[in-house]
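Here is what each chain is made of, one letter per residue.
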Amino acid sequence: MSAEPAPAAAAAPEPAPGPEPPAGGDEAAEHRALVLTGFGGYEKLKVQLRRCSSPGPGEVSVRVHACGLNFADLLARQGLYDLPSPPVCPGMECAGVVRALGEGVRDRQVGDKVMILAKSGLWQEVVNVPARQTFLMPPGMSFEEAAALPVNYITAYMVLFDFGNLRPNQSVLIHMAAGGVGTAAIQLCKTVENVTIFGTASASKHDALRSSGVTHPIDYRTTDYAEEVRKISPKGVDIVLDPLGGSDTSKAFNLLKPMGKVIIYGVANVLTGQKKSLIAMAKTWWNQFSINALQLLHHNKAVCGYDLGAMDEEFELLGSVISKLDNLYRQGKIKPKIDSVWPFDRVADAMRQMQEKKNVGKVILVPEAPKEESKKEEN
């Protein structure tokens with residue numbers, strides 16, 4: 001990896017008190033965790049030591065092998081996303097092996113390979129979570145792929161099919177098409193016959209987008225993407241996936257064909273640097289799209305809002321989506337694309353990779369550096 005060493009790499013693990021390790025689990029009494037010590041820049045994430053605790057009733061204890069990094073984690077670091085007050089362990093998804101069972105758990109066994117979805121707290125070597133928040137990994141799936149699937153693919157699936165009602169011969173505009181949700185959405189679009197995909201990304205990523213199935217890559221940095229879409233499709237598109245917010249939502253609405261839908265699932269426009277920008281927040285808020293019900297009536301268009309983090313209690317709904325994604329993976333129709341893998345010690349580099357939009361696919365965190373990388377550093 002070409003990135004410079006991250007500030008977090010120099011941070012020595014700091015011990016934190018806790019109960020004894022679980023009976024029936026492995027022997028490690030302590031584990032490493034990434035802790036957000038305060039809102040701000042990359043340096044606010046530190047590697048700390050925590051004591052392992054026994055899983056409670058209905059919980060499982062999992063040895064984590066890989067964690068997913070999401071755009072929401074970048075916002076959370078700046079205090080712009082729903083996260084408990086620091087110090088707190090972030091992380092919405094991970095994958096690993098069940099090491100111990102809490103009382104009453106019947107549908108999981110020690111040794112099961114699982115992926116986990118939660119509001120926060122998963123960037124640790126060992127986590128205790130309710131068994132209902134775990135999902136068995138499909139055969140043949142790597143831990144890195146499993147950590148890349150829950151947040152991005154659930155989001156992309158529900159936005160495209162539950163809200164978007166994507167059907168054959170329709171057209172979709174995907175912003176940040178080379179990112180985690182973008183790559184998931186492209187793959188899911190390809191499961192429907194003859195879907196035209198417009199994807200915005202910097203020019204250096206266009207070849208990768210074309211090979212993945214994007215019909216019309218658009219460089220948002222050098223052209224007006226709305227004008228480019230209109231040149232190719234004068235009537236506009238059927239669905240716009242909007243993770244940007246602000247004035248881009250207005251553009252999205254105006255690009256819709258009759259019966260079209262824009263689904264808002266983020267506010268990436270507020271993120272402009274390492275630390276929170278009040279100017280960017282004010283600009284995004286001021287330019288935010290607004291329309292009343294009567295106006296909407298005459299447009300024959302739909303505006304939808306989606307926040308996976310607000311559905312943390314919808315276990316049956318999310319489980320049904322995971323089941324559909326499991327089947328698609330087994331059929332070879334979807335496969336998480338991994339951009340890069342970073343050890344906990346280099347979380348700052350991992351965040352920089354995503355925040356500076358250098359990634360094509362998912363950025364993954366792992367507790368320890370891969371053996372190959374460790375050997376290179378020793379030499």
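Note that the structure is predicted; figures quoted are calculated from it, not measured. (Residues numbered from 1 in each chain as written. Predicted model: local features only at pLDDT ≥ 70, side-chain atom pairs only at ≥ 80, totals over all residues. Heavy atoms only, no water.)

### Quick look at the pattern of salt bridges
Keep this limit in mind: The term salt bridge refers to a pairing of a side-chain nitrogen on Lys or Arg with a carboxyl oxygen on Asp or Glu at a separation within 4 Å. Numbered from the N terminus, helices here are DSSP runs of H or I no shorter than four residues, and strands are runs of E no shorter than two.
Throughout the structure, instances matching the rule amount to 12 salt bridges. A salt bridge links K335 to E145, with the shortest nitrogen-to-oxygen separation between them at 2.4 Å. Of this pair, K335 sits in the loop between helix 10 (315-330) and strand 15 (338-343) while E145 is found in helix 2 (residues 143-148), placing the two residues 190 residues apart along the sequence. In this structure, D349 engages R352 in a salt bridge whose closest nitrogen and oxygen atoms are separated by 2.8 Å. Linking D349 with R352, this pair stays in helix 11 (residues 347-355), spanning 3 residues, or about one helical turn. Salt bridges linked by common partners bring R32, D345 and E368 together as one network.

### Let's talk about unusual backbone geometry
Threshold: Think of it in three bands: residues with accessible area under 20% of the maximum for their type are buried, residues over 50% are exposed, and the middle band is partly exposed, with areas taken using a 1.4 Å probe on protein chains only.
P87 follows P86 through a cis peptide bond whose omega is 0°. Tracing the backbone shows P87 in the loop between helix 1 (71-77) and strand 5 (93-101). Even without being glycine, N194 reaches a positive phi, approximately 55°. Within the element layout of this structure, N194 appears in the loop between helix 4 (180-189) and strand 10 (196-200). Residue class for N194 comes out exposed when judged on its relative accessible area of 52%.

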